[in-house]
Structure formats: C-alpha cells, structure tokens
Amino acid sequence: MAYTRDQIYQVLEELGIRNWMRNAQVVGNDIILDIVSPSPAMHERKRLEIALKNAFKENLPEANLTLNISVEVEEKNPNEIKGSELPGVKNIIAVASGKGGVGKSTVSANLAISLANMGFKVGVLDADIYGPSMPIMFDCQDARPYSVEVNGKTKIKPVEAYGIKILSIGFFADTDQAIVWRGPMAAKALNQMIRDAHWGDLDFLLIDLPPGTGDIHLSIVQQVPITGAVVVSTPQTIALADARKGVGMFQMEAINVPVLGIVENMAYFTPEELPNNKYYIFGQNGAKHLAEQISVPFLGEIPIVQSIREAADVGRPAALQEGTIVAEVYKNIARNTVQSLVERNTTLPPTEAVRITTMAGCSAKN
Ligand SMILES: Nc1ncnc2c1ncn2[C@@H]1O[C@H](COP(=O)(O)OP(=O)(O)OP(=O)(O)O)[C@@H](O)[C@H]1O
Ligand SMILES: [Mg+2]
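Residues numbered from 1 in each chain as written. Chains lettered and ligands numbered in written order. Predicted model: local features only at pLDDT ≥ 70, side-chain atom pairs only at ≥ 80, totals over all residues. Heavy atoms only, no water.

### Here we look at the overall build of the chain
Phase 1 of the analysis: Within the chain, the regular secondary structure consists of eleven helices and 13 strands.
Phase 2 of the analysis: Residue burial in the chain is summarised as follows: out of 366 residues, 51% are buried.
Phase 3 of the analysis: Across the chain, contacts joining residues at least 24 apart in sequence account for 77% of those joining residues at least 6 apart.
Phase 4 of the analysis: About 17,100 Å² of surface is accessible on the chain, with carbon and sulfur atoms providing 48% of the total. (Helix = DSSP H or I, 4+ residues; strand = E, 2+ residues; numbered from the N terminus. Buried < 20%, exposed > 50% of the residue type's maximum accessible area, 1.4 Å probe, protein only. Contact = heavy atoms within 4.5 Å. Areas by Shrake-Rupley, 256 points an atom, 1.4 Å probe, with all protein chains shown as cover.)

### A word on the site of ligand 1
Phase 1 of the analysis: Around ligand 1, the structure places 19 residues, and the nearest of them are Gly-101, Gly-103, Lys-104, Ser-105 and Thr-106.
Phase 2 of the analysis: Contacts to ligand 1 include Lys-104, whose side-chain N or O atom sits 2.8 Å from an oxygen atom.
Phase 3 of the analysis: Measuring from an oxygen atom of ligand 1, one finds a side-chain N or O atom of Thr-106 at 2.4 Å.
Phase 4 of the analysis: For ligand 1, whose free accessible area comes to 630 Å², the fraction covered by protein is 79%.
Phase 5 of the analysis: When residues of the shell around ligand 1 are traced back to their parent elements, those giving at least two are helix H3 (104–117), strand E12 (259–269), strand E13 (298–304) and helix H10 (306–314). (Near = heavy atom within 4 Å. Polar contact = N/O pair within 3.5 Å; in protein donor to acceptor, adjacent residues only side chain to side chain.)

### Section: H10
Phase 1 of the analysis: For H10, the set of buried residues is Ile-308, Ala-311 and Ala-312. Down the axis of H10, the sector holding all buried residues measures 100°, keeping them to one side. Across from the buried face of H10, at angles greater than 90 degrees, the exposed residues are Gln-306 and Val-314.
Phase 2 of the analysis: Buried residues belonging to H10 abut H3, helix H4 (134–137), E13 and helix H11 (325–343).
Phase 3 of the analysis: Backbone geometry just downstream of H10 places Gly-315 in the positive-phi region, at approximately 80°. (Arc of directions from axis to C-beta.)

### So, the pairing of strand E2 (residues 30–37)
Phase 1 of the analysis: Taken together, the six bridges between strand E1 (residues 21–27) and E2 define a ladder with antiparallel strand orientation. What sits directly across from Val-27, in E2, is Asp-30.
Phase 2 of the analysis: Across eight bridges, the pairing between E2 and strand E3 (residues 64–71) is parallel. In the strand pairing of E3, Asp-30 is matched with Asn-64. (Pairing = 2+ DSSP bridges.)

Purely geometric numbers; function is a separate question.
Pasting the structure below:
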C-alpha cells in the first residue's frame, strides 16, 4: 500500500509539528522523514521520536518509518547570562581529556571551524605546555604574534587562520623549554595570554588543555574564567576511566565548571570503499555510556577517518571541507555544544553574530 504525503502531513498536524518537517520521502510504504526540532534536550528528542512512531503506527499502520530528527539551535537573549568575565569574550570553553592522544587538539581545531561556520567569532588558545598542536593544525608554525597598542596598553595580537584567532604557548617558547614549566607558572603564562591579548569580540574562546588532570590543570582551571568544559574520550576502558577523572576535576567544589558534555572520538573505523561498514576497534559507545552514567550530555561521536589526521598534519582542519561527512559530524557536535551552553544558562551567543567570511590561511606567517 502506498501512502500519500497528505496522510503524512495529517499525522504531523495532529501532533502539532507540521512545520517541523523539512523533507518527506515516500516510496510505497517506506517513509523517510526529516524533522527539525526546535527543542534540543536529548530527552525531548526521544519523546518526539516515540510520539511520532506511535502516531504513525496508529494512523498509517503499514508504514515502515525512518526518522531523521535534528535540532535547530535556538539563540536566546544574551542579557540573561552569567558569561565569562573577560571583556569582549562571551564564553571560554576548555577542551580536556584525562588521557593523552585521544584527539583534544583535533576536536578543538575542528570545533573552532564549525562554530565559525555557524557564524560565531571564535578564538583558540593552545594551552598545551607539553606539546602545542595549534601552530601545526592551523599551519602557523612560523608565526609570531606581534603587539598592538589598545587604549594606551600594549596587547598581544593573536595570529589568525581561517577566520580563527589563535594564540599558542608554542609561539612564545621552544617546546623543550616549555616542558619544564610547573603548574602555577604555566597557569600564569596562560592567564597572561588570555588577558593581555587583544582578542576583540569573541563568542567563543576554546582552550586546548594539555592531557591529564594533575596540578597544572587544577591551576589552569582555577585561574582562568572558564564557562564550560568539553571532555574528549575514545571508547576504550582505559581512556574512559581518565575521562571520568577529567569530568570529576571540573565538578570539584573548588572548580565548579559546568561540563558541557563528552565527545567520543575515534568511535569507529569505516573504510572508504565500504562506507556502510563500521568497525568498532576500541569498543562501542563507551563514551556515550559513560555520559549517561554520570549524567553529562553526550555531544556526539567522530569516526576514525584518514582525512582528519591528514588535514591536521597539513594544517587545514577537516571541518573546512564543507559538505563532507566529517564536516557534518563536527557541525553536529558544535551545535550540541552550543545547546548545552544554552541549557546551562551561561553566556549565550548573540543573535547578531556575523558570519565570518575570511577563511584565508594563517595571517602572521614569517
Ligand atoms: N577522528 C580521528 N580520525 C583520524 N585521526 C585522528 C582522529 N582524531 C585524532 N586523530 C589523530 O590522532 C592524533 C592525536 O590527536 P590529537 O593530537 O588531537 O590528540 P590530543 O588528545 O590533543 O593529544 P595530546 O594529549 O598529546 O595533546 C593526531 O595525529 C590526530 O591527527
Ligand atoms: Mg593535544
């Protein structure tokens, strides 16, 4: 039996969500529905899915329904919010992990690009004193930030690449030198980089933290006015245990930084020639389950894709390739991150955010 679009509209109408439908494909009794919900909370999405399934079962019982539910991030009035205490910088988001090498820096770089693509003004502070990655990931290894006079004060001008403002400890010190830094000193240097830089107006300043949850991290997260944290993990048990510690660090009473969510990186491998095959090399849904267990939002999963690694190595984050699966994956994570911020009622991005059009490469190359 073949259903008509009108029958589908009628079901949606009854649920009061007719205008949430973006697309409907009907082939016989196979129905594929794309719904965009303005209500992003995970449980709301689940509720919507259940309501739709029930309504179709009742009204179009033969239908074989496939639902694609996505969420439109609603921007709210920025005046409601607490926000970062740094003038001009609305949100400071720390990207952390317990374990090293799980993809914090890659996530930071690509999240920055995706947020910029959404129209936000974005900066990245590379706080990894052990091994700064942003100069490579944004192809700015040789850049040296210069100083500018702002209201009679000398400020550091961040380097700019693909529309993102970047400062890295790697621009100021040799990596070998940086390695001997201790917690308070590192925190002081970072604080200076944050406060003495001329960031201009930013919706988001992402901080790519070094791996771990030691003294250095505690000093940094205590001294820097962080709005929220994103914790990155791979699905294997050993990384999850460290991610849990990472979340715990932000939730300590003395720190009390809201955890915006967990990102599962390297969630599965898909060979290019077999795009429907997913190999869960490190185990399946580990980070998703952890997020559920500790009641922290799950922001999304990123597959292992060769182009992500290659793009990182050549200094052109993969999310710049708009229209690719990788860009979509990061876009989704960026949306969920913004949404998580919105739900925590912290600084909301302004509605007048101007889309950044200058996606040129590094601005201050020597
Ligand atoms: N989803 C992915 N697919 C393929 N390669 C990835 C992916 N995520 C990260 N990588 C690669 O894995 C390596 C480690 O990633 P990255 O440097 O971002 O991790 P990190 O957590 O920042 O490490 P560290 O703890 O040393 O700071 C890099 O070579 C990066 O390109
Ligand atoms: Mg890193």
